[in-house]
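# Fold and contact review
Now for the letters of each chain:
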Amino acid sequence: MNATAKVFFILSFPLMCFSCATDPATQWQDSTSQLSPDERFGELFEKVQLSGIFSDSKTFVDSTPKIAAENILQKYRAQRERPDFNLRIFVEENFYLPPSVASDFQSDKSQPVAAHIESLWPVLTREPDTRSDGSLIPLPHQYVVPGGRFREIYYWDSYFTMLGLRESNRWDLIEDMVDNFSHLIDTMGFIPNGNRTYYQTRSQPPFYALMVKLLAEKNGKGTLTRYRPYLLKEYQFWMSGKETLSASNPRVRRVVILADGSIVNRYWDSAATPRPESYKEDVELVHSDNPETYRHIRAAAESGWDFSSRWFKDGTTMDSIHTTDIVPVDLNALLYHLEQVLAETFAETGDKTQAQRFRALAQQRKDALLRYTWNAQDGFFYDYDAVAQQQTLVRSLAAMFPLFFNMVEPEQARRVAQHIEQDFLQAGGVTTTLKDTGQQWDAPNGWAPLQWITIQGLRQYQQHPLADTITQRWITLNTDVYQRTGKMVEKYNVYEPGLEGGGGEYPVQDGFGWTNGVLLKLLNETMTTPHKTP
């Protein structure tokens, strides 16, 4: 069966299957080369990843075999018991190791930061892929990678990168990237975390609808209709299993039914094994073969917040991770937006019945989100633990997503904004959470996408002075680090001006797609809109 025949071929909503027995994330495999590296290389993969011969576990899974995988395995089995066998040499003889992205790029710190970002777009842009025997899933159009160890496209990163491409008038590249994601939906049934075979079991926060809406700013009427088949398939992926939910079966893949019958979503992964790209880290963390712990880890990776106290039962340690128990505020706000956009696509073609159906689904989700995640006493949004049937009470910038999508009343927005100003606002912008756990999606780190969500969420409710303060502090922090290091980096320490971020499983990365996109957007806005001094 070819790839086209394997995808979810039903493109019209009335015929869509929301209770399909098979997870879309497991459907795209029709050759050995499309297997994840752990499946392709078996005991060799495990030996390499646990040996520590590479400081970054992502190095081996991004390597390309020089000969057929079965021949490499035969050679390994024949040689591994020899006294003079050297694993590192064997790998280098049989694999092409991945290059470092922009490793030879020299920045000119005398340039303004906006000019530096413009000079980075070609460095981070990849031409259409040709078929290879490595883990890269080929894409038919140009795309922008984040940078550093991230040598492939990433789902939610790309929306924030597109904000900057829009400022650079690179609509051609925006359309290419939207078409790449449409291609992935068409051939795989969903958008994976990134275009690597080891990401085939999970997605990332669903920003595709925002990308389509962004492109519609340029291409105008008919854009939503053009991309409706892909928007529908995206929705089908997230809602797969919906009709099998019941009181005795309340959680199926990414859908959850709550006590009052409300249907909401969670992050999940169809695999329950160590992540191939972080194999050693996962094995050392879990210290057992508990598959559900691995699934919690993978689900947190799908969230994009890997890792954060949001997912820890004790609020502090990875040992207590329980991601799949949690109904996240941000995920459900994003799916509310997807439902609204789908309603808009049907309205565009005069299909009032389907437009109304999706508007009703969006309203139901909004009602559930406000009912289960809004804390009237605290005046804040918290994730909801569907197993414990209570809010997690971990404060994070995920609370800004309902404001970003204009889902709340002005008084609710005012109270959230008050917490942002009193608790989250720091010298360099807003902190991701209020806890310093050593995880990269906790204090003291600030991330470009969450600065943007926060700023725009505040603007939706006329909280302009606070939004302007965050904007100016983030711009200053980014600019100071650039002037000192010549780099745009993945994350920043918002507590200590001039510092890059830290924590997590790997060193801070430079490049960096979403930082570039958000900063360029904010810089251009400050040139056209008056802002108050923070």
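So, on to the sheet that holds strand β5 (residues 251-252). Hydrogen bonds between backbone atoms are what pair the strands of a sheet, whose relative direction is either parallel or antiparallel. Strand order in the open sheet made by the three strands is β5-β6-β7, with antiparallel pairing throughout. Both edges of this open sheet fall to β5 and β7 (263-265), since each of them pairs with a single strand only. Alignment of β5 against strand β6 (residues 255-257), held across two bridges, turns out to be antiparallel. Residue pairing across strands places V252 opposite V255, the latter belonging to β6.

Let us now look at the environment of F358. With respect to the helices and strands, the residue F358 is situated in helix α14 (residues 352-373). Sequence spacing of F358 and E339 is 19 residues, and the spatial spacing of their C-alpha atoms is 5.5 Å.

The next thing to look at is the side chain of K521. Topologically, K521 is positioned in helix α19 (residues 513-528). By relative accessible area, which is 13% here, K521 ends up buried. In this structure the side chain of K521 is engaged in a polar contact, spanning 3.3 Å, whose partner is the side chain of E167. The residues contacting K521, other than those within four sequence positions of it, are L163, R166, E167 and W452.

Overall, antiparallel pairing links the three strands, which are arranged β15-β16-β17 in an open sheet. Both outer strands of the open sheet, β15 (445-446) and β17 (499-500), are each paired with one neighbouring strand and no more. Examined bridge by bridge, strand β16 (residues 492-493) and β17 share two bridges and lie antiparallel to one another. The residue bridging N493 from the neighbouring strand is L499, located in β17.

With that settled, the discussion passes to the nonpolar core. Generally speaking, nonpolar side chains in soluble globular proteins are found buried as a group. Formed by 146 residues in total, the largest nonpolar core has its most connected members in L44, F160, F207 and Y208. In terms of nonpolar packing, the next biggest core, distinct from the first, is built from eight residues, V256, V264, V327 and A368 among them.

The description of an aromatic ring pair uses the distance of the two centres, along with the angle that the planes make with each other. Tallied over the entire structure, the rule returns 39 aromatic pairs. Taken together, a centroid distance of 5.0 Å and an interplanar angle of 65 degrees make the contact between Y372 and Y384 edge-to-face. Of this pair, Y372 sits in helix α14 while Y384 sits in strand β11 (residues 384-385), placing them 12 residues apart in sequence. For Y384, a relative accessible area of 10% translates into the label buried. Lying across the ring of Y96, K66 places its NZ or CZ 5.1 Å from the centre.

What follows concerns helix α10 (residues 223-239). Its 17 residues give α10 an end-to-end C-alpha distance of 24 Å, which sits within 8% of 24 Å, the value for a rise of 1.5 Å per residue. Approximately 45 degrees is the largest bend angle found in α10, and it occurs at P229. Of all 17 residues making up α10, 13 are buried, and the element is well covered by its neighbours. One or two positions beyond α10, positive phi appears at G241, with a value near 95 degrees.

Rules of the game
- Residues numbered from 1 in each chain as written.
- Predicted model: local features only at pLDDT ≥ 70, side-chain atom pairs only at ≥ 80, totals over all residues.
- Heavy atoms only, no water.
- Pairing = 2+ DSSP bridges.
- Helix = DSSP H or I, 4+ residues; strand = E, 2+ residues; numbered from the N terminus.
- Buried < 20%, exposed > 50% of the residue type's maximum accessible area, 1.4 Å probe, protein only.
- Polar contact = N/O pair within 3.5 Å; in protein donor to acceptor, adjacent residues only side chain to side chain.
- Contact = heavy atoms within 4.5 Å.
- Core = buried A, V, L, I, M, F, W, Y, C linked by side-chain atoms within 4.5 Å.
- Phe/Tyr/Trp six-rings, centres within 6.5 Å; stacked < 30°, edge-to-face > 60°.
- Lys NZ or Arg CZ within 6 Å of the ring centre and 35° of its normal.
- Expected span 1.5 Å × (residues − 1).
- Bend = angle between axes of the 7 residues up to and from the residue.

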